[in-house]
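# A closer look at the structure
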Amino acid sequence: MTAAACARRLAGALLLVFLARAPGAWAADAASASNALARELLAQLIAINTTDTARGSVTAAAEAMAQRLRAAGFPDGDIQLLGPSAGKKNLVVRLRGTGQHKPVLLIGHLDVVEARREDWSTDPFQLIEKDGYFYGRGTLDMKGPDAIMLATLIRLKQEGFRPARDIILALTADEEGGGANGVEWLLEHHRQLIDAQFVLSGDDYSVVTENGKPLFFQLVASEKVYADFQLRVTNKGGHSSEPVPDNAIYTLTRGLDRLAAYEFPFELNAVTREYYRRLAQTESPQRAADMRAILRDPPDKEALARLSQETNDRSITRTTCVATRLDAGHANNALPQRAEAVVNCRILPGHSPEEVRQRLQQVLSDPAITVSYLASDGTLHAEAPAVRGFAPPPLLPEVLTPLDELVAETWPGLKVIPAMSAGASDATHTSAVGLPTYTFSPLTVDPNDDREHGRDERIGVASFGEANEFFYRYLRKVTER
Ligand SMILES: [Zn+2]
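Remember, it's a predicted structure, so these values are computed and weren't measured experimentally.

## Overview of the coordination of the zinc ion
For the zinc ion, the full set of protein donor atoms is H109 (NE2), D141 (OD), D203 (OD) and D203 (OD), at a range of 1.9 to 2.6 Å. Between the four donor atoms coordinating the zinc ion, the angles at the centre fall across 53 to 146°, so the site counts as irregular. Taken in sequence order, the residues that donate to the zinc ion follow the motif H-x31-D-x61-D. Placement of the pair is H109 in strand β3 (residues 104-109) and D203 in strand β7 (residues 198-210), with a sequence separation of 94 residues. The exposure class assigned to H109 is buried, which follows from its relative accessible area of 1%.

## Focus: the pairing of strand β2 (residues 90-95)
Buried residues dominate β2, accounting for six of its six residues. Judged by which residues are buried, β2 turns out to be covered on both faces: N90, V92 and R94 on one side and L91, V93 and L95 on the other are all buried. Two strands pair when backbone bridges link them, and strand β1 (residues 79-82) and β2 are joined in this way by four bridges, in the antiparallel orientation. In the sheet register, L82 faces β2, and the bridge partner there is N90. Inspection of the sheet shows β2 paired to strand β6 (residues 167-172) by five bridges, in the antiparallel sense. Bridged to V92 within β6 is A170.

## Details of the state of the cysteines
Following the criterion strictly, the structure yields one disulfide and no others. Between the sulfur atoms of C321 and its disulfide mate C345 the distance is 2.1 Å. Across the S-S bond of C321 and C345 the torsion is about 115°, and the bridge reads as right-handed. With C321 in strand β11 (residues 320-328) and C345 in strand β13 (residues 338-347), the pair connects residues that are 24 residues apart, well separated along the chain. Taken as a pair, C321 and C345 share a single burial class, namely buried.

## Digging into the pattern of salt bridges
Inspection of every chain in the model, using the stated rule, returns 31 salt bridges. Where D119 meets R116, a salt bridge forms, and the shortest distance between an N and an O atom there is 3.6 Å. We classify D119 as partly exposed; its relative accessible area is 36%. The class for R116 is partly exposed, based on a relative accessible area of 48%. A salt bridge links R155 to E159; the shortest N-O distance between them is 3.7 Å. Classification of R155 by relative accessible area gives buried; the value is 9%. Under the relative-accessibility criterion, E159 is labelled partly exposed at 36%. Look at the salt bridges and you will find they share partners, linking R155, E159, E409, E469, R473 and R476 into a network.

## Regarding the side chain of D166
Relative to the helices and strands, D166 resides in the loop between α4 (143-158) and β6. A polar contact is formed between the side chain of D166 and the backbone nitrogen of G97, at a distance of 2.8 Å.

## Re the confidence of the model for the protein chain
Summing up the model confidence of the protein chain, the mean pLDDT is 92 and the portion of residues at 70 or higher is 95%. Across residues 1-19, confidence stays below pLDDT 50; counting only partners more than four residues off in sequence or on other chains, it has three contacts.

Cut-offs applied
Residues numbered from 1 in each chain as written. Predicted model: local features only at pLDDT ≥ 70, side-chain atom pairs only at ≥ 80, totals over all residues. Heavy atoms only, no water. Donors = N, O, S within 2.8 Å, 3.2 Å for Na, K, Ca; no water. Tetrahedral: all angles 85-135°; square planar, octahedral: opposite > 155°, others 65-115°. Helix = DSSP H or I, 4+ residues; strand = E, 2+ residues; numbered from the N terminus. Buried < 20%, exposed > 50% of the residue type's maximum accessible area, 1.4 Å probe, protein only. Pairing = 2+ DSSP bridges. Disulfide = S-S within 2.5 Å. Salt bridge = Lys/Arg side-chain N within 4 Å of Asp/Glu carboxyl O. Polar contact = N/O pair within 3.5 Å; in protein donor to acceptor, adjacent residues only side chain to side chain. pLDDT = per-residue confidence, 0-100. Contact = heavy atoms within 4.5 Å.

Structure follows, in structure tokens:
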């Protein structure tokens, strides 16, 4: 046998071995290649400091990821780097589909909150694998989800997948702070580029566990609105050796007592109704019965009172306002001329901060207590914004049904629970312009060990791989028809 014939036969044999492999093995190969890529992308993203500081640059991360996409075969024309300044560039990439439906927009922020080496047990700007976890600033919030979205897009591209709708991915600046919020800027200046039927954000973990056991899969579809108010009482004061009944501190604290005793009205919306409807299927008999009872019209008062003893249930079913700071007086031996408190409110969608300010004024029921809106820049305003928090979007079947199916397949017995978040994210911006936005990332996290913004932020290595595969399958399902 000549060397050439030998080589041909060997090649033939190899091809046979190759073709004889089960289809499952192909999928497993593709999955592990994608996991390896996701991990590489994560390591690269973590190593680029994207804090809103002199040392950080979101643009550097956006450029590095654009380079990855070009290398994976995305044409230049489908990759854009845009932003209001050189240091705040956002990356927008499009995987073209058949155009049968309007696109889906995926959003993820590239910026992270500051982390100091001396506070951490590892270097926060280096991906470290230790004890089954990936450590690094942003592993969870949210370079892990960013890497998964990128790896998925690259995998789909390399498979030659043609979705029924374009898939747009925007990786953006200044979600955590800073004055150049990428999503807001893109919506204002390049709406066409990111216009979509609905938005998927990866800015929250979904597989909620307790002591290692998955409890439910959380899909955030609504957010409460954040607002701070300043309560203030002034008084002419005087010598403390001659007290008078009209005392600024007493006036304020009597008002605060009335606020402490007050409960905002119970209210459910499309998302929280579905939340309780689904949660009732997994809860203890009494809690399940109470959940069903508050879904009735009118809701059962006793059931509501029982549920409201749980902090979480109280915050889901009502606007809440709570005193968080107190400051008064100027000398130990003087009657106070001034007493102030800060009240922090988390407002249900459909209500405005101004509506809540007026309600506070009523509840405090003392004209001596003025209630001002305390803006995020620290300025005080006689009136609060009148814009209402966006109403929760309908739970679109094209989003929810594939999620239900895939969650049941991946974690048998686990339920998708639509949820309302008490925090605020970039979903605020997309929702405000009428784009239904759903937030989930299939990472597994125990809320008691949620290290977002904290020291030694981490995600499970196994969970990261599982989430990467899950997201790939989900995005395919959502866009193949
Ligand atoms: Zn985030």
